[in-house]
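Listed below are the residues making up each chain.
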Amino acid sequence: MLVLLGFAMIAVFMVLIMTKKLTPVLALIIVPTVFGLFAGAGLGIGPMVMDSMKSMTSTAALLMFAIIYFGLMIDVGLFDPLVKFILRKLGNDPAKVVLGTAILAAAVSLDGDGSTTFILTTAAMLPVYLRLKMSPVVLTCVAGLANGTMNILPWGGPTARAATALKLDVNDVFVPMVPSLIVGLIVVLVFSWLLGLQERNRLRTVAPGIWGDVADPSEAFDGGNGRGGAVAAGSSASGSGKGGSRTAGKPGTGGGAGVVVLERTEELVDEHDTAMADTALDPNRATLRPKLFWFNLALTVAVMVTLVANIVPLPFVFMVGSAIALLVNFPKVKDQGAQLIAHAPSIVAVVSMVMAAAVLTGVLNGTGMVKAMSEWLVQIIPADMGPFMAVITGLLSIPMTFFMSNDAFYFGVLPVLSETAAHYGVGAADMARASITGQPFHLQSPLVPAILLLVSLAKVELGDHHKKVLWRTAVISIVMLAVGVLTGAIGIG
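Residues numbered from 1 in each chain as written. Predicted model: local features only at pLDDT ≥ 70, side-chain atom pairs only at ≥ 80, totals over all residues. Heavy atoms only, no water.

A closer look at the overall build of the protein
We count it as follows: The secondary structure listing takes helices from DSSP runs of H or I that are at least 4 residues long and strands from runs of E that are at least 2 residues long, numbered from the N terminus. Computed with a 1.4 Å probe, the accessible areas rest on the Shrake-Rupley method; for each residue, only the protein chains presented here act as cover.
Broken down by element type, the protein carries 25 helices and two strands. Element-wise, carbon and sulfur atoms account for 68% of the exposed surface of the protein, whose accessible area totals about 20100 Å².

Quick word on the confidence of the model for the protein
Do not read the predicted coordinates in detail wherever pLDDT is low. The criterion, for reference: Confidence of the predictor in every single residue is expressed as pLDDT, which spans 0 to 100. A contact between two residues is defined here by any heavy atoms of the two lying within 4.5 Å.
Across the protein, pLDDT averages 78, with 81% of residues at or above 70. When mean pLDDT is compared element by element in the protein, helix H8 (residues 136–150) scores highest at 94, while strand E2 (residues 261–264) scores lowest at 37. Every residue in residues 207–218 scores below 50 in pLDDT, and together they form 29 contacts with partners more than four places removed in sequence or on other chains. For the stretch residues 220–269, pLDDT sits under 50, and the model shows 86 contacts to residues farther than four places along the chain or on other chains.

Details of empty space enclosed by the protein
Defined as follows: Whether a set of points on the 1 Å grid over the protein atoms alone is a cavity depends on a 1.4 Å probe fitting there but being unable to get out, while an open set qualifies as a pocket with protein on both sides within 12 Å along at least five of seven lines; lining residues are those with an atom within 4 Å of a point. Grid points are joined across faces, edges and corners, and a volume is the space filled by probe spheres set on the points. Residue polarity is assigned by list, with Asp, Glu, Lys and Arg as charged and Ala, Val, Leu, Ile, Met, Phe, Trp, Tyr, Cys and Pro as nonpolar; anything else, Gly included, falls into the polar class.
Applying the stated criterion across every chain, the model contains one cavity of 30 Å³ or more. Looking at the largest cavity, its volume works out to about 30 Å³. Residue lining of the largest cavity: Ser109, Gly112, Asn147, Met150, Asn151, Leu153 and Gly156, and that is the complete set. Considered class by class, the residues forming the lining of the largest cavity number two nonpolar, five polar and no charged.

Focus on a nonpolar patch on the surface
We apply this condition: Patch criteria: residues need more than 30% relative accessible area and no salt bridge. Like-charged residues are merged within 9 Å; nonpolar side chains of Val, Leu, Ile, Met, Phe, Trp and Tyr are merged within 5 Å. Any Lys or Arg side-chain nitrogen located within 4 Å of an Asp or Glu carboxyl oxygen qualifies as a salt bridge.
A contiguous nonpolar surface patch, about 550 Å² in accessible area, is contributed by Phe295, Phe316, Met319, Val320, Ile324, Leu327 and Val328. Residue contributions to the nonpolar patch peak at six residues, all from helix H16 (residues 314–329). Among the secondary structure elements, Leu327 is positioned in helix H16.

Thoughts on the environment of Thr306
For clarity, the cut-off: With a 1.4 Å probe rolled over the protein chains alone, any residue whose accessible area is under 20% of its type maximum counts as buried; one over 50% counts as exposed, and the rest are partly exposed. Distance and chemistry together define a polar contact, namely a pair of N or O atoms within 3.5 Å, with one atom able to donate a hydrogen and the other to accept it when in protein, and with adjacent residues in sequence counting only for side-chain atoms on both sides.
Its location among the elements puts Thr306 in helix H15 (residues 293–309). Judged by its relative accessible area of 22%, Thr306 falls in the partly exposed class. As a C-alpha pair, Thr306 and Val317 span 11 residues in sequence and 7.3 Å in three-dimensional space. Not counting chain neighbours up to four residues away, the residues in contact with Thr306 comprise Ile311, Val312 and Val317. Polar side-chain contacts of Thr306 include one of 2.7 Å to the backbone oxygen of Ala302.

Structural notes on the nonpolar core
For the record, the criterion: For the purposes of this section, nonpolar cores are sets of buried Ala, Val, Leu, Ile, Met, Phe, Trp, Tyr and Cys residues that join through side-chain atoms within 4.5 Å.
In this structure, Phe318 and Met431 are the most contacted members of the largest nonpolar core, which totals 127 residues. For this core, the leading source of residues is helix H4 (residues 57–76), giving 12 residues. Among residues more than four places away in sequence, those in contact with Met431 are Leu166, Met389, Ala390, Thr393, Leu414, Leu417, Ser418, Ala421 and Val426.

Some remarks on H8
Rule in force here: Helix span is expected to be 1.5 Å times the residue number reduced by one.
Helix length check: H8 (15 residues) gives 21 Å between terminal C-alpha atoms against 21 Å at 1.5 Å per residue, within 8%. With 14 of 15 residues buried, H8 lies mostly within the body of the structure.

A look at the pattern of salt bridges
By the definition in use, this model includes three salt bridges. Between Glu199 and Arg202 there is a salt bridge, and its shortest N-O distance comes to 3.0 Å. Highlighted residues: Glu199 and Arg202, both in helix H11 (residues 178–204), separated by three residues, approximately one helical turn. Accessibility expressed as a relative area gives 5% for Glu199, which makes it buried. The closest approach of N and O atoms between Asp430 and Arg433, which form a salt bridge, is 3.8 Å. Here Arg433 and Asp430 lie together in helix H22 (residues 428–435), a separation of three residues that amounts to about one turn.

Remarks on unusual backbone geometry
Glycine aside, residues mostly have negative phi, and peptide bonds are mostly found in the trans state. Here the phi dihedral of Lys167 falls at roughly 55 degrees; this positive angle occurs in a residue that is not glycine. Position of Lys167 among the secondary structure elements: in the loop between helix H9 (158–165) and helix H10 (170–174).

Section: the packing of aromatic side chains
How two aromatic rings sit relative to each other is given by the distance of their centres and the angle of their planes. Here is the rule: Any pair of Phe, Tyr and Trp rings, taking the six-membered ring for Trp, is counted once the centres come within 6.5 Å. Such a pair is stacked with planes under 30 degrees apart, edge-to-face with planes over 60 apart, and tilted for the rest.
One pass over the structure, following the stated rule, counts seven aromatic pairs. On the basis of an interplanar angle of 85 degrees and a centroid distance of 5.5 Å, the ring pair of Phe191 and Trp471 is categorised as edge-to-face. Here the residue Phe191 occupies a position in helix H11, and Trp471 occupies one in helix H25 (residues 462–487), the gap between them amounting to 280 residues. With relative accessibility at 12%, the residue Phe191 sits in the buried group. What makes Trp471 partly exposed here is its relative accessible area of 46%. In this structure an aromatic cluster arises from ring pairing among Tyr69, Phe70 and Phe318.

Right, dumping it as structure tokens:
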């Protein structure tokens, strides 16, 4: 009976979330409560939930203050110079544009919010892609690769969910996976460079009316002097931009249409600044603190080093970092309160989910459902496959997190798999680490609102995005899993 109730509860939970009949927070509270009462928990369901909630307070604190910290860093302009650097130094050659997109997306992904990453990356880079006649699908692909890989950061969601579901310290899950994250990002950069080269080669074959007689588009951009302009794709034979014009051929001759050469990259940045108005990268926003850039950069580096060194609990690191950042950047109490309020919606959405998860995990463990379900799975899994449960879980996480939400997988499926793996000597931490390797693939799911936002902003068809991104994210997920196994972060029983 417990086995049936357990699987039925998970199924109902997943269906309600996937069909959007209930929000994850409501489903995490209502569904386990109903099934827990059917399982005979009675009034004991309250203590079950409260015992589970005690283990989640540190995760909730981590997410709350990480959101505050990185949201604050975006507001004060820490990432603005990076955007301008990309446009000035990498924004000339198509291959460099794509590589710069990956770097920007990975950097902004530090805030743990996919929607913010895609809004900033698209706002910064889409005008460049369109100006140079590059494919916006490449932009969405690279942004998706970078953000999906960075999504295993503790405050990104999945790692916190895995730690919460298995009642582990989030440090124990994330820190051993740092090598996998680094290698995953290297693969992202390699894919980005190759995609950029493909774009460069594609533009070589475009009619001379776009690229003139230049054999290599990068030459058209750079001109060998490091200052070059961008070629105006689709421009008329003659004409003048606000920075003047030159032609690749003589108008009126039979040598083909002339090409207008756009303003130098510095002027492109000015146009970019105009395009950023009323966005999170608005160059005139009141929260900018350019004089404190080096302080904010040093503080962020110190926070990240302390995080990786694992010498202080992560929640406390971000608590102190947020307090210092608020105090220095916004000395007035009124401004400090305004900043906290500005990021309140993101905080409430994430922290409420973590707290609500205590109901599901509490019922699963308190009623004995997880134990009964794992014992049933042990009976049907071949004994010779048991020691490889962590690897199996990592592979399963690729398709399963694509077709279901992270909430459904980490709070519904992972605890059962972990309990089963324990019978073969595979630890919960190994299972948690393996389970997050499917995140690059997961982030491309149509169930993820952020990816729908990305393709919408870039005016790209989701099918076109999937054709280019899915196999690459599958490769990254498998590589991260393999590195985890090789480094011992993901053990074999």
